[in-house]
Amino acid sequence: MAKEELITMEGAIDEILPDGRFGVTLDNEHRIICYTAGKMRRYRIRSVVGDRVHVEMTPYDLSKGRIVFRERTPGQGPAGARSRGGRR
């Protein structure tokens, strides 16, 4: 048996909510509540207000979704440039 088809849409984060959730306004002006996908959590991909994201939704509940991709914002360098702690 196949999984149900997921709806993928694009939008922008407009609010950070408690418990790891985000308020996202989609390109069609609908607002939904989203959480980050497991791979984004695993690789510690941070999302802030104003980021463009791709959201997956199930056709059964169009008010909730899962953030699966954060688009790169211009002007941001690589994340690995930070210092990891004390001196060696």
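Thresholds applied
Residues numbered from 1 in each chain as written. Predicted model: local features only at pLDDT ≥ 70, side-chain atom pairs only at ≥ 80, totals over all residues. Heavy atoms only, no water. UniProt positions renumbered as here; feature names shortened; annotations may be inferred. Pairing = 2+ DSSP bridges. Helix = DSSP H or I, 4+ residues; strand = E, 2+ residues; numbered from the N terminus. Axes fitted to C-alpha atoms, helices over the stretch in contact; angles between N-to-C directions.

Going by an unreviewed UniProt entry, the protein carries the name Translation initiation factor IF-1 and comes from Alteriqipengyuania abyssalis. Turning to the protein, the UniProt annotation filed under Subunit (unreviewed entry) states: "Component of the 30S ribosomal translation pre-initiation complex which assembles on the 30S ribosome in the order IF-2 and IF-3, IF-1 and N-formylmethionyl-tRNA(fMet); mRNA recruitment can occur at any time during PIC assembly." Comment text from UniProt for the protein, heading Subcellular location (unreviewed entry), reads "Cytoplasm".

Peer 1: Which parts of the structure should I look at to understand the sheet that holds strand β2 (residues 21-26)?
Peer 2: Each strand in a sheet pairs with its neighbour through backbone hydrogen bonds, running either in the same direction (parallel) or in the opposite one (antiparallel). If you trace the 5 strands once around the closed barrel, you get β1-β2-β3-β5-β4, paired in mixed fashion. Geometrically, the sheet is characterised by an average inter-axis angle of 50° between neighbouring strands, direction not taken into account. Direction of pairing for strand β1 (residues 7-17) relative to strand β4 (residues 52-58): antiparallel, over a ladder of 6 bridges. Bridged to Ile-7 within β4 is Met-57.

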